[in-house]
Amino acid sequence: MEIKNRKARYNYFILKEIECGIVLTGTEIKSLRKGSADIKDCYAKIKNDEAFLINMYIAKYDEGNRFNHDERRTRKLLLHKTEIKRLKEETQKQGYTLIPLELYFKNNKAKIKLGIAKGKHNYDKRQAIKERELLREVAWATCCGIDTTYKENISFVPFFADTDQDVIVISNADGKI
């Protein structure tokens, strides 16, 4: 069972990934095993040489009693001191933050994969969409029998300077279209 942050790679450049443990109570673990958690709005922060996950949502456990947990409490992350110092140095740079990418179980223990991330601008997001559409077009051309063996020669060319239309150009090894 994995819970992924789908928007993280769309909204951020992920520079480095690190796996860490997370401190949870009994009802939180039971609720996680059911898959009722959300990590899209949370982030990690380092305070007093300790790492914390802030604003992570874990639904209340249905069969829990008065010992049930708070849904959006701050949770401690389990990392070595050297890892925490390294993360602190890297996130103190302008524009860098710690974003959870994935929550999963490994050897019956809850793990979270953090990414050191820098926010994308709108033009970066548009470029990512163009690249994804280009790969879709290449896959379609391959399925229809068009030769695309030289994928590095595939590029976008503006159709007209005053419009938003683009053309996909596929060239062979000689540079011919």
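Everything quoted here is computed from the prediction, not taken from an experiment. (Residues numbered from 1 in each chain as written. Predicted model: local features only at pLDDT ≥ 70, side-chain atom pairs only at ≥ 80, totals over all residues. Heavy atoms only, no water.)

### Quick look at the packing of aromatic side chains
Part 1: Summed over all chains, the structure comprises 0 aromatic pairs.
Part 2: Looking at Lys47, its charged tip hangs above the ring of Phe52, at a distance of 5.7 Å from the centre.
Part 3: In this structure, Lys93 packs its charged tip against the face of Tyr96, placed 5.9 Å from the ring centre. (Phe/Tyr/Trp six-rings, centres within 6.5 Å; stacked < 30°, edge-to-face > 60°. Lys NZ or Arg CZ within 6 Å of the ring centre and 35° of its normal.)

### Things to note about helix α3 (residues 81–91)
Part 1: Within α3, burial applies to Ile84, Leu87 and Glu90. Viewed end-on, α3 has its buried residues packed into an arc of 130 degrees, placing them on one side of the element. Facing away from the buried side of α3 by over 90 degrees, the exposed positions are Lys81, Thr82, Lys85 and Glu89. (Buried < 20%, exposed > 50% of the residue type's maximum accessible area, 1.4 Å probe, protein only. Helix = DSSP H or I, 4+ residues; strand = E, 2+ residues; numbered from the N terminus. Arc of directions from axis to C-beta.)

### Observations regarding the pattern of salt bridges
Part 1: Overall, the coordinates contain 11 salt bridges when judged by the stated rule.
Part 2: Ionic pairing is found between Arg73 and Glu28, a salt bridge with its closest N-O pair at 2.8 Å. Of this pair, Arg73 sits in the loop between β6 (57–58) and β7 (75–78) while Glu28 is found in helix α2 (residues 26–34), placing the two residues 45 residues apart along the sequence.
Part 3: On the basis of relative accessible area, Glu28 is assigned to the buried category, the value being 0%.
Part 4: With a shortest N-O distance of 3.0 Å, Lys34 and Asp62 are connected by a salt bridge. One end of the pair, Lys34, is in helix α2; the other, Asp62, is in the loop between β6 and β7, with 28 residues separating them in the sequence.
Part 5: Each member of the salt-bridge network shares a partner with another, and the members are Arg9, Glu17, Glu102 and Lys113. (Salt bridge = Lys/Arg side-chain N within 4 Å of Asp/Glu carboxyl O.)

### Focus: the side chain of Glu28
Part 1: There is a polar contact of 2.8 Å between the side chain of Glu28 and the side chain of Arg73.
Part 2: When neighbours within four sequence positions are excluded, Glu28 is seen to be in contact with Val23, Ile58, His69, Asp70, Arg73 and Arg75. (Polar contact = N/O pair within 3.5 Å; in protein donor to acceptor, adjacent residues only side chain to side chain. Contact = heavy atoms within 4.5 Å.)

### Here we look at the environment of Lys30
Part 1: Counting through the fold element by element, Lys30 comes out in helix α2.
Part 2: Residue classification places Lys30 among the partly exposed residues on the basis of a relative accessible area of 44%.
Part 3: C-alpha separation for the pair Lys30 and Tyr61, spaced 31 residues apart in sequence, amounts to 6.9 Å.

### Brief notes about the pairing of strand β9 (residues 109–119)
Note on strand geometry: in a regular strand, side chains alternate between the two faces of the sheet.
Part 1: Where strand β2 (residues 12–22) lies against β9, 9 bridges are found, and the strand directions are antiparallel. By the bridge assignment, Tyr12 is partnered in β9 with Gly119.
Part 2: Of the strand pairs in this sheet, strand β8 (residues 96–106) and β9 are connected by 10 bridges, and their pairing is antiparallel. Bridge assignment links Pro100 to a residue of β9, and that residue is Leu114. (Pairing = 2+ DSSP bridges.)

### Looking at the nonpolar core
The nonpolar side chains of a soluble globular protein tend to be buried with one another.
Part 1: Within the largest apolar cluster, 25 residues are counted, with the highest numbers of intra-cluster contacts made by Leu32, Leu53, Met56 and Leu77.
Part 2: Elements that contribute at least two residues to this core include exactly β2, β4 (43–47), β5 (50–54), α3, β8 and β9.
Part 3: Dropping the residues within four chain positions of it, Met56 is found in contact with Ile22, Asp38, Ile39, Cys42, Glu71, Arg72, Arg73, Arg75 and Leu103. (Core = buried A, V, L, I, M, F, W, Y, C linked by side-chain atoms within 4.5 Å.)

### Thoughts on the confidence of the model for the protein chain
Reading predicted coordinates in detail is not appropriate for stretches of low pLDDT.
Part 1: Of all residues in the protein chain, 81% attain a pLDDT of 70 or more, and the chain-wide mean is 82.
Part 2: Overall, residues 156–163 carries pLDDT values under 50, and its contacts beyond four positions in sequence, including any with other chains, amount to 14 contacts. (pLDDT = per-residue confidence, 0-100.)

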